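Now for the letters of each chain:
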Amino acid sequence: MSKQYRAEFKQDAVNYYHSSGNSHEQVASDLKVSKSALSKWVRSSEANHGVVHHRGSGNDGSDAEKEIARLKKELRDSKDALDSLKKAIRTLND
């Protein structure tokens, strides 16, 4: 299973790549991401006027669909954080 990165991170990584003048390999190493992931994000930004499109972003949907997708993601992230806190509490109580 591949690691999931937030859209902001991907965009920042591409911006860093363009501003640094370093190679894909060096920037990927600096950011601790795979070279192939960084290359894919750079290609995506070049094809979309500097914006990195990402899976699940709802790029082709209506504003309402985008908002629903954003809220679902926010709920998923909140549930994940809550699960992590519950595990931490259980660990402390053991």
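Our structure is the block above this text.
Keep in mind the model is a prediction, meaning the values are calculated, not measured.

Caption draft 1: Highlighting the pattern of salt bridges. Applying the stated criterion to the full structure yields five salt bridges. Linking E67 and R70 is a salt bridge whose minimum nitrogen-to-oxygen distance equals 2.8 Å. Of this pair, E67 and R70 both sit in helix α4 (residues 63-93), three residues apart, which is roughly one turn of that helix. Put simply, R70 and E74 hold a salt bridge, and the shortest N to O gap is 2.8 Å. Here R70 and its partner E74 are both found in helix α4, four residues apart, which amounts to about one turn of the helix.

Caption draft 2: Summary view of the nonpolar core. The biggest cluster of nonpolar side chains holds 11 residues, and these are A13, V14, Y17, V27, A28, V33, A37, L38, W41, V42 and V52. When residues of this core are traced back to their parent elements, those giving at least two are α1 (7-20), α2 (24-31) and α3 (35-47). Broken down by element, the residue count for this core peaks at four residues, all from α3. With residues up to four places along the chain from it excluded, the contact list for V27 reads A13, Y16, Y17, S20, N22 and L38.

Caption draft 3: Just unusual backbone geometry, in detail. You will see that K32, though not glycine, has its phi angle at about 60 degrees, which is positive. Its identity as a non-glycine residue notwithstanding, H49 has a phi of 55 degrees, on the positive side. Mapped onto the secondary structure, H49 falls in the loop between α3 and α4.

About the thresholds
- Residues numbered from 1 in each chain as written.
- Predicted model: local features only at pLDDT ≥ 70, side-chain atom pairs only at ≥ 80, totals over all residues.
- Heavy atoms only, no water.
- Salt bridge = Lys/Arg side-chain N within 4 Å of Asp/Glu carboxyl O.
- Helix = DSSP H or I, 4+ residues; strand = E, 2+ residues; numbered from the N terminus.
- Core = buried A, V, L, I, M, F, W, Y, C linked by side-chain atoms within 4.5 Å.
- Buried < 20%, exposed > 50% of the residue type's maximum accessible area, 1.4 Å probe, protein only.
- Contact = heavy atoms within 4.5 Å.

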